[in-house]
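The lines below spell out each chain.
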Amino acid sequence: MSFVRGAWKLLVGVKDALVLLFMLLFFVALWAALSARPNPANVTTGALLVDLSGTLVEQPEEVDPLSLLAGATDAVRQHRLRDVVRALETAATDDRIKVVVLDLDSFVGGGQAAIARAAEAIDTIRKAKKPVLAYATGYSDDSYQLAAHASEVWLDPMGLTLFTGPGGSRLYYKGLIDRLGVTTKVYRVGTYKSAIEPYTRADQSPEAKQADQALAGALWQNWQDDVAKARPKAQLAAFIAQPQQQIAAAGGDLAQAALRAGLVDKLGDRIAFGKRVAEIAGADDDKGEGAFKHTRLTNWIAANPAPSSGDAIGVITVAGEIVDGEALPGTAGGDSISKLILKGLAEEDLKALVVRVDSPGGSVLASEKIRQAILQAKAEGLPVVVSMGSVAASGGYWVSTPADRIFAEPSTITGSIGVFGIIPTFENALAKVGVTSDGVTTTPLSGQPDIIGGTNATFDAVIQSSIENTYARFLGLVSKARGMPVQKVDGIAQGRVWDGGTARQLGLVDQFGGIEDAIAEAARRAKLDPAKVHAEYLEHEPGFAAMLFQGWTQDEDDSRKQADLLARLAQARMMTLFRAVSDAERLTDGPVVRAQCLECPVEGGKMPVVDSSIVARMLGWLAR
């Protein structure tokens, strides 16, 4: 009996110890999160340190903090574009900020239109006669597009500058699918709807290659024009065309090659760079050699909130893949977005609605649900203006059709007006291991879609009719919205993706401009003075745990720098492999009927979130 009592006391003691340990960990995490949250009072006269480690996005993702702690996904810092722009533009007129420092050492990237908008904000500081100093161990396309607008561009003596331009390999699964015996039933409309080609071909079709080449060429020309305008003395064309010759002429020293080409102004390590900043901002002697007085970006954003006076112009953000049902920010859930719009119409005194789109599309049903909510705003007499970000294609264009006017950027990726569906069936794969199927039917559609025995001709005809009908509806929406004959829309649709400049020429967008221009246009259409309105963002309020974790992961004083440019570029290419896994998940779990641009770039260079069990299964298949 004494043994039982002793064992019981031991178990109770273990339980109490675990409870105390959990509480200790909770309060430590709570303290760390609260201490890392932005502090608007912590503004120091000196430099504004804009550490853009991570990505620049339209809407940061909100993920489950427990999943992040468990290592289920990467906690990559995401900077909201409008916050960064506001921080830079307010710094231009604030006497406390003597210099702006761009730390681009671990900048992963962002959409080209987003980066161009941030670069414009840097120009605002330059026009205010304030210096902007940029530093990185290595510059690639995205980071250099920002750095080029700085007054001084610094590069580590061991670093390099490397420009690759848009483009690269895509994966095609036809060989693997045939080897596994999987049948992919594809239902499509549109000559250029190349999203389905990875499942049906071993290479890119001539039509898709032609379209992709035109898009990549336009985006690359926009990038070169922007950089050349910002740094007209740089020998950009020669460095891009023959980098090996430029490097050889510098004796193989990549940093010296960038300096000689005028791409950077100074070579120096972080200490030398910090001393240069300290000459302007003042030295921070308490923090060692090369430290300078500065205000963190998050604190500056908190100290400079967005204006809230005047009449309200509602702004709803449709960012990320459009999916059915509810979704957290960073993914556009059809139910989530429509509820936010309807709630804003019911509870806020909105004078107009601006729809900010940065999405490659997705579910047709979810896109239509969002469109119907936007139409409700029009039914209540509100002007509707669409502002396109880096990507507004397929379903992203579908939700744009109710607009009274559409704004885009020259480097916006838009169009992709097409519809497709795809269903995998496994009759041949099962037959390889001796598994067959049989049964009875009462109608031509009994048991359909039969992914075990294969779909039949009746089901295929029904789905193809649905795809064609949805495409015709898509054409009709665009025809009515843009005032074009359906035949003309069909000619520029066909699933083809366009850059913003070409889309404007084709009549798919009305004019160039950013979100600020769209808000001003919405105000004018509501017969209001654009200078006397404010943007009322209709957004999901993050949960308590998410807010704590966001503050914790956004501490800019950490040392998690990923300074090796070549390693970053290699990891970016690794995204192609992970996207294959994401495509496999989409093939089996996604909606059948989609208006989605799968060939559009991933926003902000984000790594697709994938199920590790699917990775294991794919590796197992490949090993057979």
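Preceding this section is the structure that the text describes.
Worth saying up front: this structure is predicted, and the values here are computed from it rather than measured. (Residues numbered from 1 in each chain as written. Predicted model: local features only at pLDDT ≥ 70, side-chain atom pairs only at ≥ 80, totals over all residues. Heavy atoms only, no water.)

**Q** Looking at this structure, I do not really get the overall build of the protein chain. What am I missing?
**A** Each helix and strand in the protein chain was counted, giving 24 helices and 23 strands. Each of the 624 residues in the protein chain was classed as buried or not, and the buried ones make up 50%. A separation of at least 24 residues holds for 77% of the contacts in the protein chain among residues at least 6 apart in sequence. A total of about 28,500 Å² of accessible surface is found on the protein chain, and carbon and sulfur atoms cover 57% of it. (Helix = DSSP H or I, 4+ residues; strand = E, 2+ residues; numbered from the N terminus. Buried < 20%, exposed > 50% of the residue type's maximum accessible area, 1.4 Å probe, protein only. Contact = heavy atoms within 4.5 Å. Areas by Shrake-Rupley, 256 points an atom, 1.4 Å probe, with all protein chains shown as cover.)

**Q** What am I meant to see in the sheet that holds strand β6 (residues 132-139) here?
**A** Within a beta sheet, neighbouring strands are joined by backbone hydrogen bonds and run either parallel or antiparallel to one another. In space, the six strands of this open sheet follow the order β9-β7-β6-β4-β1-β10, with parallel pairing throughout. Strand pairing shows two members of the sheet lacking a second neighbour, β9 (266-267) and β10 (294-296), which therefore form its edges. When strand β4 (residues 97-103) meets β6, the two strands line up parallel, connected through four bridges. If you follow Leu102 over to β6, its bridge partner there is Ala134. (Pairing = 2+ DSSP bridges.)

**Q** What should I look at first to understand the layout of surface pockets in this one?
**A** Sizing a probe to match a water molecule and rolling it over the atoms shows the empty space that remains. Computed from the structure, the second largest pocket encloses a volume of approximately 550 Å³. Considering the residues around the second largest pocket, the lining is formed by 24 residues, among which Ala116, Glu120, His149, Asp226 and Lys229 are closest to the centre. When contributions to the lining of the second largest pocket are tallied by element, the ones reaching two or more residues are α4 (112-127), α8 (206-230) and α21 (515-525). Broken down by element, the lining of the second largest pocket gets its largest block of residues, nine residues, from α4. (1 Å grid on protein atoms, 1.4 Å probe; cavity = no way out; pocket = protein on both sides within 12 Å on 5 of 7 lines; lining within 4 Å. Points joined across faces, edges and corners; volume = space filled by probe spheres on them.)

**Q** I would appreciate a short explanation of the packing of helix α14 (residues 334-347) against helix α15 (residues 364-379) in the present structure.
**A** Two quantities define a packed helix pair, namely the angle between the helix axes and the distance between the axes. In the contact formed by α14 and α15, the axes pass within 8 Å of each other and the chain directions differ by 10 degrees. The pairing of α14 with α15 is recorded here as roughly parallel in orientation. On the side of α14, the interface is formed by Gly334, Asp335, Ile337, Ser338, Ile341, Leu342 and Leu345, while α15 contributes Ala366, Lys369, Ile370, Ala373, Ile374, Gln376 and Ala377. Residues belonging to the contact of α14 with α15 are distributed by class as follows: nine nonpolar, three polar and two charged. (Axes fitted to C-alpha atoms, helices over the stretch in contact; angles between N-to-C directions. Parallel < 35°, antiparallel > 145°, perpendicular 65-115°, else oblique. Nonpolar A, V, L, I, M, F, W, Y, C, P; charged D, E, K, R; others polar.)

**Q** Hey, could you run me through the packing of α15 against helix α18 (residues 457-482) in this one?
**A** Axis separation between α15 and α18 bottoms out at 13 Å; the angle between their running directions is 30 degrees. Between α15 and α18, the angle falls in the class roughly parallel. In this structure, α15 meets α18 at a crossing whose hand is left-handed. Contacts from Val364, Glu368, Arg371 and Gln372 in α15 reach Thr470, Arg473 and Leu477 in α18. The class makeup of the residues in the contact of α15 with α18 is two nonpolar, two polar and three charged. (Left-handed = near helix turned anticlockwise from the far one by under 90°.)

**Q** Any chance you could explain the pairing of strand β17 (residues 405-408) here in plain terms?
**A** The two faces of the sheet receive side chains in turn, since in a regular strand these alternate between them. Summarising the sheet, strand β16 (residues 384-393) and β17 pair through three bridges and their orientation is parallel. Each residue of the ladder has a partner; that of Val386, found in β17, is Ile406. With two bridges joining them, β17 and strand β21 (residues 511-512) adopt parallel strand pairing. By the bridge assignment, Phe407 is partnered in β21 with Gln511.

**Q** How do you make sense of the pattern of salt bridges when you look at a structure like this?
**A** When the charged atoms of two side chains with opposite charge come close together, those side chains can pair. The full count for this structure, using the stated rule, is 27 salt bridges. For Arg276, the salt bridge identified is with Glu279, shortest N-O distance 3.0 Å. Here Arg276 pairs with Glu279, and both are found in helix α12 (residues 270-281), just three residues apart, close to one helical turn. You can call Arg276 partly exposed: its relative accessible area is 23%. Take Glu279: its relative accessible area is 61%, and that puts it in the exposed class. Look at the salt bridges and you will find they share partners, linking Arg80, Arg82, Asp83, Arg86 and Glu539 into a network. (Salt bridge = Lys/Arg side-chain N within 4 Å of Asp/Glu carboxyl O.)

**Q** How should the packing of aromatic side chains be read in this particular structure?
**A** By convention here, two paired aromatic rings are described through the distance between centres and the angle between planes. Counted according to the given criterion, the structure contains nine aromatic pairs. Seen from their ring centres, Tyr139 and Tyr144 are 5.9 Å apart, and the 75 degrees between their planes marks the pair as edge-to-face. In this structure Tyr139 comes out as buried when scored by relative accessible area, which is 0%. Looking at Tyr144, the relative accessible area reads 0%, which means it is buried. Considering the side-chain rings of Tyr144 and Phe163, the 5.1 Å spacing of their centres and the 55 degrees angle between planes classify their relative orientation as tilted. Here Phe163 lies in the loop between β7 (152-161) and α6 (174-180) and Tyr144 lies in helix α5 (residues 141-147), a separation of 19 residues in the sequence. An identical accessibility class is assigned to Tyr144 and Phe163; each is buried. (Phe/Tyr/Trp six-rings, centres within 6.5 Å; stacked < 30°, edge-to-face > 60°.)

**Q** Mind showing me how you'd approach α14 here?
**A** One turn of the α-helix equals 3.6 residues, which is why residues spaced by three or four share an orientation. Taking 1.5 Å of rise per residue, 14 residues should cover 20 Å, and α14 covers 20 Å from first to last C-alpha, within 8% of that figure. Looking only at α14, the buried set comprises Gly334, Ser336, Ile337, Ser338, Leu340, Ile341, Gly344 and Leu345. Of the surrounding secondary structure, the elements contacted by the buried residues of α14 are β11 (311-319), β12 (322-323), β13 (332-333), β14 (350-359), α15 and β22 (533-538). (Expected span 1.5 Å × (residues − 1).)

The values reported here are purely geometric and, on their own, carry no functional implication.
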